[in-house]
Amino acid sequence: MERFGKAVVKFRIPILILAFVLLIPAALGYIKTRVNYDILSYLPGELETVTGQDILLDEFGTGSFSTAVVEGMSEKDVVKLKEKIQEVDHVKDVIWYDSIADINIPMDIIPDELYEKFNNDEANSTMMFILYDSSMSADETMDALEEIKTVTDRQCFISGMTSVISDTKNLSAKEQPIYVAIAVVLALVVLALTMEHFLIPFFFVLSIGFAIIYNLGSNIFFGEISYITQALTAVLQLGVTMDYSIFLWHSYQDEKLLHEDKKEAMGVAIGKTFTAVVSSSITTVAGFIALCFMSFTLGLDLGVVMAKGVVLGVICCVTVLPAMILACDKIIEKTRHRAILPDLGRISNFVMKHHVIFIIAFVVVLIPAIFGYRNTPVYYNLTGTLPETLDSKIAQDKLEEQYGMTATHIIIFDSQMSQKDKTEMLEKVDEVDGVSMTLGVESVVGPMMPTEMVPSTLLDQFENETHEMALVNSEYEVASDEMNNQCDEINSIIKSYDKTAMLIGEAPCTKDLITTTDKDFKVVSAISIIAIFLIILIVFRSISLPIILVAVIEFAIFINLGIPTFTGHAVPFISSIVIGTIQLGSTVDYAILMSTKYKTKRHDGMEKRQAITEALKESIQSIVVSAVSFFAATIGVAIYSNIDMISSLCMLMARGALISMVVVLFILPAMFMIFDKVIAKTTYGFLDKK
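Residues numbered from 1 in each chain as written. Predicted model: local features only at pLDDT ≥ 70, side-chain atom pairs only at ≥ 80, totals over all residues. Heavy atoms only, no water.

Trainee: Give a description of the packing of aromatic side chains that names residues and reports values.
Mentor: Under the definition given, this model contains 19 aromatic pairs. With 4.6 Å between their ring centres and 50 degrees between their planes, Y373 and F558 make a pair best called tilted. Of this pair, Y373 sits in helix α15 (residues 355-374) while F558 sits in helix α22 (residues 544-567), placing them 185 residues apart in sequence. The class of Y373 is buried, set by a relative accessible area of 18%. An aromatic cluster is defined as three or more aromatic residues linked by ring pairs; in this entry it consists of Y42, F296, Y380 and F573. Above the plane of the ring of F157 lies K398, whose end atom (NZ or CZ) is 4.8 Å from the centre. (Phe/Tyr/Trp six-rings, centres within 6.5 Å; stacked < 30°, edge-to-face > 60°. Helix = DSSP H or I, 4+ residues; strand = E, 2+ residues; numbered from the N terminus. Buried < 20%, exposed > 50% of the residue type's maximum accessible area, 1.4 Å probe, protein only. Lys NZ or Arg CZ within 6 Å of the ring centre and 35° of its normal.)

Below you can see the structure in the form of structure tokens.
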């Protein structure tokens, strides 16, 4: 690879020019890449809840809906408001009580049951359903929602998934630039304290910044990415790939002592760094690729983008960064200072002296760690953790307080069923625990009102030649056991009348999300462990080392994901899947670094204790700097973000980096001491035959 290094040095100016030029299409690609804020849209397409949404859009022309609570308005003013909303592009229709009975019919002659479905006299409010002709996360739907907000006033509160997605979009767009700023500033602070040059950290961050922009810009080829992926990409890429820049710089500093010409020194350093960072990045890429095997395709979205980001980070590290360093070498050298971080090598003697204690600690902590890991409290309600000040949250609280509604399901069933069966089916659904209201054609006609008095527009909204639909309002919280049981019971009822009937909506989709991600967790965990095990096996040509290294990092993961069990803090459902693979893939490098030095020293003839002590002494500084840099890049975002899914993921990653660091520095050397003979016998070429 030295020839490659010399080529980079030779063409350093064209490389820098090309690097800056490529920022233009990358920036355009980033701007034009659509961001998807609907997590439920990543569910497998074959699920009934997903196909039901397609039927709703294709046959009824209804892709989504919002529920609006209007306070303190007269009936005539509500009618005017309804007409304004109906004129908004992509609003298909607005269902209010006058959709069922003409506004000229006095409310007092309408049955109480129907009247109470749309009105709350105590709160002086009324409720209406806004139907859209596009899906809940479509740009057209969110644009329509924003326009609706402009034609209404503070007396109108709009809830529903579209409103939640819109608020999430606005909040995320406002916070994302701050995420990057916080991560960069904290990473620079850590590097300034741990490096011997004040200026070099800026070039590290600048080089990684190029890779991040290329990564985000190239997402245009996917069409869209999730907001979670977009929010985490810069922070994760900065934390995960910072090591590569540090490797190059240290290698360059070493080579400058051996070569008078700095260009020659850089050429050799690039060759050595390329081999090192490729080996290091393989496990990280494998961890992200494992996410691609999730049936919940958010994993594919995040996995591909981050794997691509690591590859681009490696490329920029061995091309753009060396060119920058050579161009500014004199300026960088003028900022040399004494490293503030003390020499940590002395800790190695302490660790080796007490290695038995650390093994005992490993065994003692392992049991509660596994217990906590298996019982981590997880939440699936995507709206419940949003800030209380958001419009969608305020509207949801109004809806729950005044109408006992927290979610709305949609039943789709065969329109050719007999009138008797339809009425009987919806009556049974209405009697299910937690159901506050059912609204369909059968809720209006029959004993309540003659069919001829029902406006034809209402009939058109709820039925066609093949299917009919009905709305079901629930009092239970989405993703709760009560809600999931309610969905099961409603499904059982409707399928007893029509085997093709479907229950769709946020709550049924979330129930499917729980089932889907539970399977994904097991699959992804197994794939990531097997993949990284095989990589380590090939690299070290050993049977025992992969077992020890994976076991050590998995122990750190158990602790990290087990902590919420004992603190009682629920984490997002995606955490248990994503964090395990990211922490394993990105921090197993710490263990690999120490293991490489340990193996080399044993092969060179050092006795067990001395080899392990020296390996730890030589690795500790690099491991601490790497882990603390990763921690710095993520902890600020965790503290700042108002989106709990982003905040929780970053907190787990930040904590995981430190836990992996501690475990590798204290437990892994103890493992080497205990299993040295086993390692020697099961590792090819571990000891020199002489």
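Trainee: Can you tell me about a negative patch on the surface, naming the residues and giving the values?
Mentor: A cluster of acidic residues, D89, D133, E140, D143 and E147, forms a negative patch on the protein surface. Mapped onto the elements of the fold, D89 is located in the loop between α4 (75-86) and β3 (91-95). Of the residues examined, D89 reaches a relative accessible area of 55% and is grouped as exposed. (Patch = residues over 30% accessible without salt bridge, like charges linked within 9 Å, V, L, I, M, F, W, Y side chains within 5 Å. Areas by Shrake-Rupley, 256 points an atom, 1.4 Å probe, with all protein chains shown as cover. Salt bridge = Lys/Arg side-chain N within 4 Å of Asp/Glu carboxyl O. Lys, Arg positive; Asp, Glu negative; His and termini not counted. Charge placed at Lys NZ, Arg CZ, Asp CG, Glu CD.)

Trainee: Outline unusual backbone geometry, listing residues and values.
Mentor: Backbone geometry at N124 places phi at a positive 55 degrees, although glycine is not the residue there. Within the secondary structure layout, N124 lies in the loop between β4 (119-120) and β5 (125-132). The partly exposed category is assigned to N124, whose relative accessible area is 48%. Of note in this structure, A479 is not a glycine but carries a positive phi near 80 degrees. If you trace the backbone, A479 turns up in the loop between β11 (467-474) and α20 (481-497).

Trainee: Mind laying out the sheet that holds strand β12 (residues 502-505), listing which residues take part and the relevant values?
Mentor: Within the open sheet, the four strands sit side by side as β10-β11-β9-β12. Their pairing is antiparallel. Single-partner strands in this sheet number two, and they are β10 (435-439) and β12. Neighbour-to-neighbour, the strand axes of the sheet open up by a mean angle of 25 degrees, direction not taken into account. Pairing analysis gives four bridges linking strand β9 (residues 407-414) to β12, with the strands arranged antiparallel. Opposite I411, over in β12, you have L503 as the bridge partner. Strands in contact with helix α3 (residues 48-60) are β9, β11 and β12; relative to β12, the strand with the most contacts, it is inclined by about 85 degrees. Against the sheet, helix α21 (residues 506-540) contacts β9 and β12, and its axis sits at roughly 95 degrees relative to β12. (Pairing = 2+ DSSP bridges. Axes fitted to C-alpha atoms, helices over the stretch in contact; angles between N-to-C directions. Contact = heavy atoms within 4.5 Å.)

Trainee: So, the packing of α20 against α21: which residues are in play, and what are the values?
Mentor: Between α20 and α21, the shortest axis-to-axis distance is 10 Å and the interhelical angle comes to 105 degrees. Our classification of the angle between α20 and α21 gives roughly perpendicular. Contacts from M483, N484, C487 and D488 in α20 reach A507, P508, K511 and I514 in α21. Of the residues that constitute the contact of α20 with α21, the class distribution is five nonpolar, one polar and two charged. (Parallel < 35°, antiparallel > 145°, perpendicular 65-115°, else oblique. Nonpolar A, V, L, I, M, F, W, Y, C, P; charged D, E, K, R; others polar.)

Trainee: Kindly report on the state of the cysteines, identifying the contributing residues and their values.
Mentor: Within the structure shown, the criterion is met by zero disulfides. Sulfur of C317: no disulfide; nearest cysteine sulfur belongs to C316 and is 8.9 Å away. Note on C487: no disulfide assigned, nearest cysteine sulfur contributed by C509 at a separation of 9.7 Å. For C487, a relative accessible area of 2% translates into the label buried. (Disulfide = S-S within 2.5 Å.)

Any functional reading would require information beyond the geometric quantities listed.
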